[in-house]
Each structure stands twice: as C-alpha cells, then as structure tokens.
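# Descriptive analysis of the structure
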Amino acid sequence: MTTWTHPTSLPEALAALAEPGAAAAAGCTRLAFDLADPRRRPTRLVSLRGLPDLAGITAGTAAEWSERTAGTAAEWSECTTGRPVGGTAGTTAEWSGGGTAGGGLVLGAMATHGQVAAHPAVRATLPVLAEAFARVGNVRVRGVATVGGVLAGAGYAWDPPTVLLALGARVRIARPGGAVRVVPLDEFYPAPGTTVLRPGELITAVEVDAPPTGTVGRYQPFRTRSVEDTTCLGVAVTMRVVDGVCAGARIAIGSGTPVPVGFGDIDAELVGRAPDAARIRAVADAYADAVVCVDDLKASAAYRAEMVRVWVRRTLAAALAEAAATPAGTAG
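Below you will find a few notes about this structure. All of these numbers come straight from a predicted model, not from anything done at the bench. (Residues numbered from 1 in each chain as written. Predicted model: local features only at pLDDT ≥ 70, side-chain atom pairs only at ≥ 80, totals over all residues. Heavy atoms only, no water.)

## A word on helix H1 (residues 10–17)
Every buried residue of H1 is accounted for by Ala 13, Leu 14, Ala 16 and Leu 17. The arc that holds every buried residue of H1, seen down its axis, measures 160 degrees, which confines them to one face. (Buried < 20%, exposed > 50% of the residue type's maximum accessible area, 1.4 Å probe, protein only. Helix = DSSP H or I, 4+ residues; strand = E, 2+ residues; numbered from the N terminus. Arc of directions from axis to C-beta.)

Listed below in structure tokens is the structure:
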C-alpha cells in the first residue's frame, strides 16, 4: 500500500525522502508508470506541492551569478561520480573570443515545462531551452511535468536533458542537515536509468550559465511516429563563431542513447577552425562512430546510429547558418 506525506518545508521533505521506499511526487507524469508496476511502486509518496520556493525561475546578472553559483570546497568535493562515455567541450578558454554575457538562469525544480517554455527570461537568454521544453508531449503534460522530475526520472527519451547538457547545466541537490552539492549534468547519470541522487536528497534547482554574446543554440528532435510521441533521437548544439572561426561548440545527443552524451574531444575539432561543410561532416561521422544507441519500438540501435550522422550534420549546419546571421553583440 502506498501512503502520502505532505511536507511544508524542505527539511521535512528531505527527512521523509530518507525513509526506505519513499519517492518524491511532483508532476507525477513519470511516477504514474512506477505506481502501475508492483515491482517499482513506492511505499510512500512525498508531495512537493507544499514547497512553493522550488517553483521559481530567476535570472541573475554577472555579479549576482558569481555569488549565487559559488560552491564551497565541500559542495564540490562530491561532484565527481564517474562520467558516462563522453563529455562536453567548452572551457573558459574555448569559449573566449570577445565578450561574455555573464549571469545565468536558475530553474526551480518544481517549475513546470510550460512555465520554462513561456518565461521571458528563458526565451530571451536561452531560447533553445524554451523551445525544448515547449516540444514535450502536449499542453496538458507541459502543465504538470517539472524540471526536477524530467531529470530525476532518468528517462532516456526526453528532450530537455539533452539541451541542458549542451548548455553545460548543473544540478543543485539539497541534502539532509542543510548541505548542498552541485553536480554537472554530464555527471548526473552514472548509468542508464539511474542518477546520483541518494536517499534523502532532492533536486532543488538547475543552474545554467548565460552563454557568451553571439552564441547560438539549436535543438532538432527526430520523431518516427506521432508528433506527440517521445523523441527517437535528439541533437542539441551550442556554437559561437567569431570572424568566421568557431570560438566554442558543444554537441549533445539524447533520446536515442542510454543517457544524454557528448564527446568533448570531437567537439574540439570545431574549435579554432572555420566550420565548413567538410569539417561538419567529419564531426557528424565521428559522432556516429562513437555513440552507443538503444533499441526500442521507435528504431533499432543501428538505424539510430546512422541518424546520428544525419542529424548532427543538419543541426550543426543550422547552427552555423544562424551564427552567420547573428550580430556579434547578441545571444541566440
């Protein structure tokens, strides 16, 4: 039998989640499947509806951001959990080239997909992220599905984690006793279907730095069936081009892979060079050779790998075309 707990504070919620068999309940779009399966059914549901502070979406200036996202040594000491295959390119040096936007966005864990998609700060700062959240399911799903839920649910066929990976997002996690740890998204999924969350821990927010001025982002999902079906393969790209030369690039693949992945060594082949058609094709081919895909009813692993070749090339070309049309002083 499954029982409900309705905490009204974060410490109360964390204490409830530390109990064996407890699970957080937010939008419940994924949780509904666990409840239907006796093998995965939680014995206690911890409602997060009584924690309105987790539902906000805030933007910070560069000065505010440096203070907000500063992590102590203790907070960052437990971030390394073993990365999935690959990573993302885009260090401070790689993203150099004339001007940094500074600041960033904090997406509360209880913010819904619909709220993220419509929020003016998200649309202005990271339009590719607003677009990704707007693509999920239908308006009813987007009205209840949450930022924290789409990450904690660890479903491989969902769009937002792929875009968040390409944006270098970090997951802020509250721990019992008031401690906080911040985990880069490319370390959040140590294995398919699992996260680094421990009993008594809860995602409270996702942090995303504002990209350098002139950066563009593109996300292209490939669906093989209904437009409301989950994505068969998704490719996200962020790119900055200065005087015809790529100053920074991140590529992320998801929905057709066990966890969202990127390959920093491959992305680095774009940096410091003119991203012409031949180089884009070479990078797309390298991704197709490196990626490990899944088999399901939407497509076979072999078919998905070939689609990686196609969709990485298309998404990079689209990002490059947008970068060419983006003035140096604006973010896309």
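## Re the pattern of salt bridges
Scanning the entire structure with this criterion turns up 13 salt bridges. Residue Lys 298 pairs with Asp 296 through a salt bridge whose shortest N-O separation is 3.5 Å. The salt bridge partner of Asp 296 is Arg 304, with a shortest N-O separation of 3.0 Å. Note on Arg 304: relative accessible area 1%, which makes it buried. When salt bridges that share partners are traced, they join Arg 170, Arg 172, Glu 207 and Asp 209 into one network. (Salt bridge = Lys/Arg side-chain N within 4 Å of Asp/Glu carboxyl O.)

## Quick word on the packing of aromatic side chains
Under the defined criterion, the tally for this structure stands at four aromatic pairs. Geometrically, the ring pair formed by Phe 222 and Tyr 303 is tilted, given 6.3 Å between the ring centres and 45 degrees between the ring planes. Of this pair, Phe 222 sits in strand S9 (residues 216–222) while Tyr 303 is found in helix H13 (residues 301–325), placing the two residues 81 residues apart along the sequence. A ring pair is formed by Phe 263 and Tyr 287, whose centres lie 5.2 Å apart and whose planes are at 70 degrees; its orientation type is edge-to-face. Pair noted here: Phe 263 is in the loop between strand S11 (245–254) and helix H11 (264–267) and Tyr 287 is in helix H12 (residues 277–290), with a separation of 24 residues, a long-range link. Tyr 287 carries the same exposure label as Phe 263, and that label is buried. What links up through ring pairs into an aromatic cluster is the set Phe 222, Tyr 303 and Trp 311. Directly above the ring of Trp 311 sits Arg 314, whose terminal nitrogen or CZ lies 4.9 Å from the centroid. (Phe/Tyr/Trp six-rings, centres within 6.5 Å; stacked < 30°, edge-to-face > 60°. Lys NZ or Arg CZ within 6 Å of the ring centre and 35° of its normal.)

## Concerning empty space enclosed by the protein
Take a probe with the size of a water molecule and roll it over the atoms, and the empty space left behind shows itself. The final tally for this structure, using the stated rule, is two cavities of 30 Å³ or more. Looking at the largest cavity, its volume works out to about 70 Å³. For the largest cavity, the lining is made up of 13 residues, of which Ala 154, Gly 155, Tyr 156, Tyr 189 and Pro 260 are closest to its centre. Looking at the lining of the largest cavity residue by residue, the class counts come to eight nonpolar, five polar and no charged. (1 Å grid on protein atoms, 1.4 Å probe; cavity = no way out; pocket = protein on both sides within 12 Å on 5 of 7 lines; lining within 4 Å. Points joined across faces, edges and corners; volume = space filled by probe spheres on them. Nonpolar A, V, L, I, M, F, W, Y, C, P; charged D, E, K, R; others polar.)

These figures come from the coordinates and say nothing about function on their own.
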